[in-house]
Amino acid sequence: MTINSTTRKTSSFVGNGNTATYPFAFKVFTDADVVVKKLETATSIETTLTLGVSNDYIVTLSADQNSSAGGSITLKSGGNDQNLASGFSIVITSAVTPLQGTDLTNQGGFYPEVINDALDKAVILHQQQQDEIDRSIRFSLTNTIGSLEITENAAARKNKVLAFDNAGEFSVLKELGTYRGNWAASTAYVVRDLVKDTSTNNIFFCNTAHTSSGAQPLTTNTHSANWDLIVDAATATTSATAAATSATAAATSATAAASSATAAATSATSAATSATTATTKATAADTAKTAAETAKTAAETAQTAAETALDSFDDRYLGVKSSNPTLDNDGAALLDGALYFNGTSNIMRVYDLGNTTWLDCNITGSNLTNTNTVAAAIANVNLTGGSIANVNTVATNIGSVNTVAGDIAKVVTVANDLNETVSEIETAAADLQETTSEIDTVAAAITNVDNVGNNIANVNTVAGISANVTTVAGNNANVTTVAGGITNVNNVGGSIANVNTCATNLTGINSFAARYRTDNTGSNPSTDLDSGDLFYNQSSEKLLVYSGSAWEETQTIGSFFINTISSFSGTGGNSATFNGSAYKFTLSDAGTFAQQMIVSINGVIQKPNSGTGQPAEGFALDGANIVFSSPPANSAPFFIVTIGSAVSIGTPSAGTVTEASLNASNNPTNDFVLTADASVAGGFKWAAIASTPTDITVADESNDTSCNVLFVTAETGDLAPKTGTNLTFNSNTGALGATSFTGDGSALTGIASTSLDGCGYENDQTIAAGSYSIAANKGMHSVGPITNNGTVTVSGTWVIS
């Protein structure tokens, strides 16, 4: 058949408690090719059902998978039909075993249906694979990606996540773990635990499970190798000290701020794009002071918010767990929307507080589209990561940046002022010189800001990849199915040359299938008819050819012979049977040319070739010998038919049978008759009629069908041997005469006038006792003695001589 649909699975059938049987419309070969997946909506758990009347379902296939592909499945439970309950759904698909079971041997026989089924199976396997590929994570055509190969072994991959590195390439990276609070001795820590070193405020990541001992700082602790530094707060403190020093320098410059009033006007002109033009540098300084104080407040707020956010994050992302947690990392109740990564199923899960249950994270619809859009733009995210130093610089002062961003026009004015020799901003900075500097306060909290800023690439990477990871997790069953069948996929790949050969010659295969058909229905095809089409009717066992308007039986051309073979003495021969090495044999009734021969080896008709040498394919004739292109297989079945060149079809038309067609042993001349003669070739010969016939005497041979002279009987007009005696032909005239016959002669007609007007002769006869009358106008002529034993009444004339 021709597979015109790429669909290899049904839509989702939703259970209602009333239906047990569900249809599907894709071609399969056996019941075992049909696979049913069952989904429980509440838990998102997918189950593969088991085939069998005593198991989960049975399959009913359409009788003809070519004209009406598919069938239906019926759910079962305990041998009985089982309706699909509400809250469940099923999808029907196929899992045709990827094996190549079609073997087309050299000179072997096969039906076109065998090729069709083999090609259909190849397409079905491709559709099954394509369906799984379509549900896998892919990169767009225009995306450039390096190696997707994972080279890390199990030990190196342990407790890691799949991600993209700073070059946008596929990689195995660490993920954020579980925050355990301040580090403490005699505590059991596991991989991915996060702790705070209270002596330096640094944050560490546990890379090796162990029980802690010793003291802080962790950089010099006995188990320092078990910890990775991820937030360097100590370095941030050093940066804060440097910031304080800068503030002192700023105060020194503040004294000179008053003398810069005149220059401020010039700066105002250059800041034409600013929202506010400073009329005086003093006003600008006051504004800057206010902004700095606001920045202080914002920084303090940011510090509190960062600490709150970290705790909030720890309560909402619980890290990797082997099973569903019942409390958060602080031992408190779970929050609605809390996340954790299930290390057993490798699926991200979210907590639904309303139903107190964990759900798999699956992104669908427009959200999935948007997520894929972000994933496709990961290169741009990576570009940002490449400039992370600049981002970190901004992040270091993010509190002030956020405050100032709301009044950016004034910031531009301030920036222009800072370019002057004596800056009013520096004068305003002197106002910040207090016992406890606001800048110092901000600097003290800058660690948290630095922590976030220094790791912003990882945060963005996790956020960007999380959706895609979730998508993979949602299709994990399909990925597993593909992996489980990878051997079969490789088998197909290993035979791709044969598949390509069939594909390359598909036009010829389809042409053959369109020209030759067969079935056992007893009905001749009525569609897709072309002149010259062949159809073998298996019911009548006749080969038919389409004439352009009707199916007609193919006829034998002229005389034909079924050949036997014998040994040819010479190169290629020396065997009277097929033995796998001889390729030349002597025929019992060879044709004049190869095109007269129909030669079948193993059910395959061989191609005839001109010439007498060994051909590249098929066969040729060398006189009475047949020469094959290659030696036929040992004991291969065969038939070799020689067909004549004269046409002999049905009843001959009028005037079409010639003298030559009669196959007589000689040629005729005028007035010859065709006679049977078993002693001559053909059994017939032409014989002349003698000019002076000789007497022919037929004895009394009743019902003797071998009599050579036949007569028409008076009673029925049938042609039959005559019963009688002394029947002769006149040797001079050929006239038939008889000296005696049965009957009284009253029915005789055509007597010549010399016979006395139709009366008979009485010669040397005895008239029996009784009455004998010669009617008036009639007469009797007697020659020889007459004995009268009765009464003769002569009303006519009786002449006695």
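Rules used in this analysis
Residues numbered from 1 in each chain as written. Predicted model: local features only at pLDDT ≥ 70, side-chain atom pairs only at ≥ 80, totals over all residues. Heavy atoms only, no water. Helix = DSSP H or I, 4+ residues; strand = E, 2+ residues; numbered from the N terminus. Buried < 20%, exposed > 50% of the residue type's maximum accessible area, 1.4 Å probe, protein only. Contact = heavy atoms within 4.5 Å. Pairing = 2+ DSSP bridges. Phe/Tyr/Trp six-rings, centres within 6.5 Å; stacked < 30°, edge-to-face > 60°. Lys NZ or Arg CZ within 6 Å of the ring centre and 35° of its normal. Polar contact = N/O pair within 3.5 Å; in protein donor to acceptor, adjacent residues only side chain to side chain. Axes fitted to C-alpha atoms, helices over the stretch in contact; angles between N-to-C directions. Salt bridge = Lys/Arg side-chain N within 4 Å of Asp/Glu carboxyl O. Core = buried A, V, L, I, M, F, W, Y, C linked by side-chain atoms within 4.5 Å. Expected span 1.5 Å × (residues − 1).

Draft legend 1. Geometry of the overall build of the chain. Helix and strand counts for the chain stand at 18 helices and 43 strands. When each of the 801 residues of the chain is scored for burial, the buried share is 28%. A separation of at least 24 residues holds for 47% of the contacts in the chain among residues at least 6 apart in sequence.

Draft legend 2. How the structure looks around the pairing of strand β4 (residues 45-48). One ladder, built from four bridges, connects strand β3 (residues 34-40) with β4; its direction is antiparallel. Opposite Glu40, over in β4, you have Ile45 as the bridge partner. A loop of four residues connects β3 with β4, the two strands running antiparallel in sequence, and Ser44 in this loop sits at a positive phi of about 60°.

Draft legend 3. Molecular detail of the packing of aromatic side chains. Using the criterion set out here, one finds 12 aromatic pairs in the structure. Ring plane angle 40° and centroid distance 5.1 Å describe the contact between Phe13 and Tyr22, whose orientation is recorded as tilted. For the pair shown, Phe13 and Tyr22 are each scored as buried. A centroid spacing of 5.9 Å and a plane angle of 55° characterise the contact between Phe535 and Trp551, whose relative ring orientation is tilted. In this pair, Phe535 is assigned in strand β22 (residues 534-537) and Trp551 in strand β24 (residues 551-553), connecting sequence segments 16 residues apart. An aromatic cluster is built from Phe578, Phe585, Phe628 and Phe638, whose rings are joined through pairwise contacts. The lysine or arginine in question, Lys38, covers the ring of Phe88, its NZ or CZ lying 4.6 Å from the ring centre.

Draft legend 4. View of the environment of Lys584. With respect to the helices and strands, the residue Lys584 is situated in strand β27 (residues 584-587). As for Lys584 and Gln614, which are separated by 30 residues in sequence, their C-alpha atoms are 8.7 Å apart. Contact partners of Lys584, with chain neighbours within four places excluded, come to Phe568, Thr571, Gly572, Gly573, Asp622, Asn625, Ile626 and Val627. Reaching out from Lys584, the side chain makes a polar contact with the side chain of Asp622 at a distance of 2.8 Å.

Draft legend 5. Main features of unusual backbone geometry. Here the amide bond leading from Gln216 into Pro217 is cis, since omega sits at 5°, within 30 degrees of zero. Mapping Pro217 onto the fold places it in the loop between β15 (210-211) and β16 (227-231). The residue Asn574 is not glycine, and still its phi comes out positive at about 70°. Mapped onto the elements of the fold, Asn574 is located in the loop between β26 (565-567) and β27.

Draft legend 6. Highlighting the environment of Pro632. Its place among the elements puts Pro632 in the loop between β31 (625-628) and β32 (638-643). Residue Pro632 is classed as buried on the basis of its relative accessible area, which comes to 0%. Along the chain, Pro632 and Ser581 lie 51 residues apart, while their C-alpha atoms are 7.4 Å from each other. For Pro632, the contacting residues outside a window of four places in its chain are Gln107, Phe578, Asn579, Gly580, Ala582, Tyr583, Phe585 and Ile601.

Draft legend 7. Structural view of the sheet that holds strand β13 (residues 193-197). Spatially, β11-β13-β14-β16 is the arrangement adopted by the four strands of the open sheet, whose pairing is mixed. The sheet terminates laterally at β11 (178-182) and β16, the two strands that pair on one side only. This sheet shows a mean twist of 30° between the axes of neighbouring strands, independent of strand direction. Examined bridge by bridge, strand β14 (residues 202-206) and β16 share four bridges and lie antiparallel to one another. Bridging across to β16, Ile203 finds its partner in Val231.

Draft legend 8. Representation of the pattern of salt bridges. If you walk through the whole model with that rule in mind, you get 13 salt bridges. Salt-bridge contacts for Asp622 lead to Lys584; the nearest nitrogen and oxygen are separated by 2.8 Å. In this pair, Asp622 is assigned in strand β30 (residues 619-622) and Lys584 in strand β27, connecting sequence segments 38 residues apart. What makes Asp622 partly exposed here is its relative accessible area of 26%. We classify Lys584 as buried; its relative accessible area is 10%. A salt bridge links Glu617 to Lys607, with the shortest nitrogen-to-oxygen separation between them at 3.3 Å. Of this pair, Glu617 sits in the loop between β29 (604-605) and β30 while Lys607 is found in the loop between β29 and β30, placing the two residues 10 residues apart along the sequence. Under the relative-accessibility criterion, Lys607 is labelled partly exposed at 42%.

Draft legend 9. Here's a closer look at the nonpolar core. With 17 residues, the main nonpolar core has Val599, Ile626 and Phe628 as its most contacted residues. Not counting chain neighbours up to four residues away, the residues in contact with Ile626 comprise Tyr583, Lys584, Phe585, Leu587, Val599, Phe619, Ala620, Leu621 and Ile640. Tyr22, Phe26, Val59 and Ile73 belong to the second-largest nonpolar core, a separate cluster that totals 15 residues.

Draft legend 10. Structural view of the sheet that holds β29. The strand order β25-β32-β28-β29 describes an open sheet built from four strands, whose pairing is antiparallel. Of all strands in the sheet, those bounded by a partner on one side alone are β25 (560-562) and β29. Alignment of β25 against β32, held across three bridges, turns out to be antiparallel. Residue pairing for β32: Ile562 is matched across the bridge by Val641.

Draft legend 11. Just the side chain of Asn563, in detail. For Asn563, the location among the structural elements is in the loop between β25 and β26. With a relative accessible area of 5%, Asn563 lands in the buried category. Among the polar contacts made by the side chain of Asn563, one reaches the main-chain amide nitrogen of Asp589 at a distance of 2.6 Å. One polar contact links Asn563 to Thr642, side chain to side chain, over a distance of 2.8 Å. Discounting chain neighbours no more than four positions away, the residues touching Asn563 are Leu587, Ser588, Asp589, Ala590, Met597, Ile640, Val641 and Thr642.

Draft legend 12. Just helix α1 (residues 112-134), in detail. With 23 residues, α1 should cover 33 Å at 1.5 Å per step; its first-to-last C-alpha distance of 32 Å lies within 8% of that length. What α1 keeps buried is the set Pro112, Ile115, Asp120, Ile124, Leu125, Gln127, Gln128, Asp131 and Glu132.

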